[in-house]
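Chain and residue survey
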Number of protein chains: 2
Amino acid sequence: MTTAVLLIAHGSRRAEANHDLVIVADRLREQSDYSIIVASYLELADPSIPDGARQCVEAGADHVLMMPYFLSAGSHVTRDLERFRNEAAAKFETVSFDLCPPLGLHPLMLEIVKDRLTETGGS
Amino acid sequence: MTTAVLLIAHGSRRAEANHDLVIVADRLREQSDYSIIVASYLELADPSIPDGARQCVEAGADHVLMMPYFLSAGSHVTRDLERFRNEAAAKFETVSFDLCPPLGLHPLMLEIVKDRLTETGGS
């Protein structure tokens, strides 16, 4: 089975914010064994999620992990992502698509907060 | 010196999204030595940043670390946060206010992404 990672950010008019996801994709390429890693955006930037899904399939994936790079995913975003997943699954019948949880309240998020505080003079 | 942490999220109409920051504040209370920790919101939820800053000062802080719980902070958000910092510093002259970097591309963010992928069937 060839598993692809389709990273998904919200997308912004600011190129800098969109570029963050490209950096995450690059780091994931360096620090994981996933052979297919594509960055995509829910809106306002390219590639779109359907285009990203197609890139994963064309690169040979038969399993795509859709990973939302969101702190939290509200009902609106969750509904959009589920719709994109269902559309991709219907279009590429031999490929399975799974939607990951967003970054959310992962325990490491607190370590990041603590680091940022220390960097700025905290204890 | 008594250092307070003023956590700042964007704020949402969704109570669930706002509650995430309350959980982060609770975890930080359990897992750090900061004696004053207040959650606040840039917009759409209470307390506001000025109210949160006042709470920190009233609790006895003479140093406040303003910590943006944002994946990235664009120029608009950064400008707003700097304005709130300057206003708080002008209002409470004996207290110093420092603005931390947002969560951003901290190396641990990649560990969170990798964990989410593994949880969803990735390698």
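Just so it is clear, the structure is predicted and the values come from calculations on it, not from any experiment.

So, how was this worked out
- Throughout this document, residue positions are counted from 1 along each chain, in the order its sequence is written.
- Chains carry letters and ligands carry numbers; both start at the beginning, A for chains and 1 for ligands, and go up in the order they are written.
- With the structure being a predicted model, the display of local features is reserved for residues of pLDDT at least 70 and the display and counting of side-chain atom pairs for 80 or more, all residues being used for whole-chain, interface and lining totals.
- Note that water and hydrogens are dropped before the side-chain values are worked out from all heavy atoms of the structure.
- Secondary structure is summarised from DSSP: a helix means a run of H or I of at least four residues, a strand means a run of E of at least two, and numbering begins at the N terminus for each.
- Classification of residues uses two cut-offs on accessible area relative to the type maximum, computed with a 1.4 Å probe and protein chains only: under 20% is buried, over 50% is exposed, and between them is partly exposed.
- Any two residues having at least one pair of non-hydrogen atoms within 4.5 Å are treated as being in contact.
- Between the rings of Phe, Tyr and Trp (Trp by its six-membered ring), a pair exists once the centres lie within 6.5 Å; its type follows the angle of the planes, with under 30 degrees stacked, over 60 edge-to-face, and the other angles tilted.
- The criterion is that NZ of a Lys, or CZ of an Arg, lies within 6 Å of the ring centre and within 35 degrees of the ring normal, and then a charge sits over that ring.
- Once two parts are joined, some of their accessible surface, as seen by a 1.4 Å probe, is lost; buried area is that loss totalled over both.
- Here a salt bridge means any side-chain nitrogen of Lys or Arg lying within 4 Å of a carboxyl oxygen belonging to Asp or Glu.
- As used in this structure description, the phrase polar contact means that two N or O atoms lie within 3.5 Å; if the pair is within protein, one of them must be able to donate a hydrogen and the other to accept it, and residues adjacent in sequence are counted only when both atoms belong to side chains.
- In this count, Pro and Cys sit with the nonpolar residues alongside Ala, Val, Leu, Ile, Met, Phe, Trp and Tyr, while Asp, Glu, Lys and Arg are called charged and the others, Gly among them, polar.
- Using a grid of 1 Å spacing that covers the protein atoms alone, one calls a set of points a cavity when a 1.4 Å probe fits there but cannot get out, and a pocket when the set is open and has protein on both sides within 12 Å along at least five of seven lines; lining residues are those with an atom within 4 Å of a point.
- Grid points are joined across faces, edges and corners, and a volume is the space filled by probe spheres set on the points.

Focus on the overall build of chain A
Secondary structure summary: chain A contains four helices and four strands in total. Listing each helix as α and each strand as β along chain A from the N terminus yields β-α-β-α-β-α-β-α. Considering only C-alpha atoms, chain A reaches an extent of 55 × 30 × 25 Å along its principal axes. Each of the 123 residues in chain A was classed as buried or not, and the buried ones make up 51%. Taking the contacts inside chain A whose residues are at least 6 apart along the sequence as the reference set, 72% of them involve residues at least 24 apart.

Focus: unusual backbone geometry
Residues and elements named next belong to chain A. Between Asp-46 and Pro-47 the backbone carries a cis peptide bond, its omega angle lying at -5°. Relative to the assigned elements, Pro-47 resides in the loop between β2 (36–41) and α2 (49–58). Unusually for a residue other than glycine, Leu-44 sits at a positive phi of about 70°. Here Leu-44 lies in the loop between β2 and α2. Classification of Leu-44 by relative accessible area gives partly exposed; the value is 45%.

Focus: the packing of aromatic side chains
All names here are of chain A. The tally for this structure, following the rule as stated, stands at two aromatic pairs over all chains. When the ring of Phe-92 is compared with that of Phe-97, the centres are 6.4 Å apart and the planes differ by 35°; the resulting orientation is tilted. When sorted by exposure, Phe-92 lands in the same class as Phe-97, which is buried. Residue placement shows Arg-83 over the ring face of Phe-84; its charged tip is 4.9 Å from the ring centre.

A look at the interface of chain B and chain A
Each side of the interface is counted separately: chain B has 47 residues, and chain A has 47 residues. Taking both partners together, chain B and chain A bury about 4,200 Å²; carbon and sulfur atoms supply 68% of that area. The largest share of the area that chain B buries against chain A comes from Leu105(B), Arg116(B) and Leu117(B), three residues that together contribute 16% of it. Put simply, chain B and chain A have zero salt bridges between them. Between chain B and chain A we count 12 residue pairs in polar contact (both at pLDDT 80 or more) in total. Contributions of two or more residues to the side of chain B that touches chain A are made by β1 (3–9), α1 (15–30), β3 (63–68), β4 (96–99) and α4 (107–119) of chain B. No other element matches the 13 residues that α4(B) contributes to the side of chain B that touches chain A. By residue class, the composition of the side of chain B that touches chain A is 26 nonpolar, 12 polar and nine charged.

Regarding the environment of Ala17(A)
With respect to the secondary-structure elements, Ala17(A) resides in helix α1 (residues 15–30). Discounting chain neighbours no more than four positions away, the residues touching Ala17(A) are Ser12(A) and Ser72(B).

Concerning empty space enclosed by the protein
Tallied over the entire structure, the rule returns two cavities of 30 Å³ or more. In this structure, the largest cavity occupies an estimated 50 Å³ of space. As for the largest cavity, its lining consists of Val24(A), Arg27(A), Tyr69(A), Leu105(B), His106(B), Met109(B) and Leu110(B). Breaking the lining of the largest cavity down by element, the ones donating at least two residues are α1 of chain A together with α4 of chain B. Residues of the lining of the largest cavity, tallied by class, amount to five nonpolar, one polar and one charged. For the second largest cavity, the calculated volume is near 30 Å³. Around the second largest cavity, the lining residues are Leu105(A), His106(A), Met109(A), Leu110(A), Val24(B), Arg27(B) and Tyr69(B). Looking at the lining of the second largest cavity, the elements with two or more residues in it are α4 (107–119) of chain A together with α1 of chain B. Across the lining of the second largest cavity, the residue classes break down as five nonpolar, one polar and one charged.

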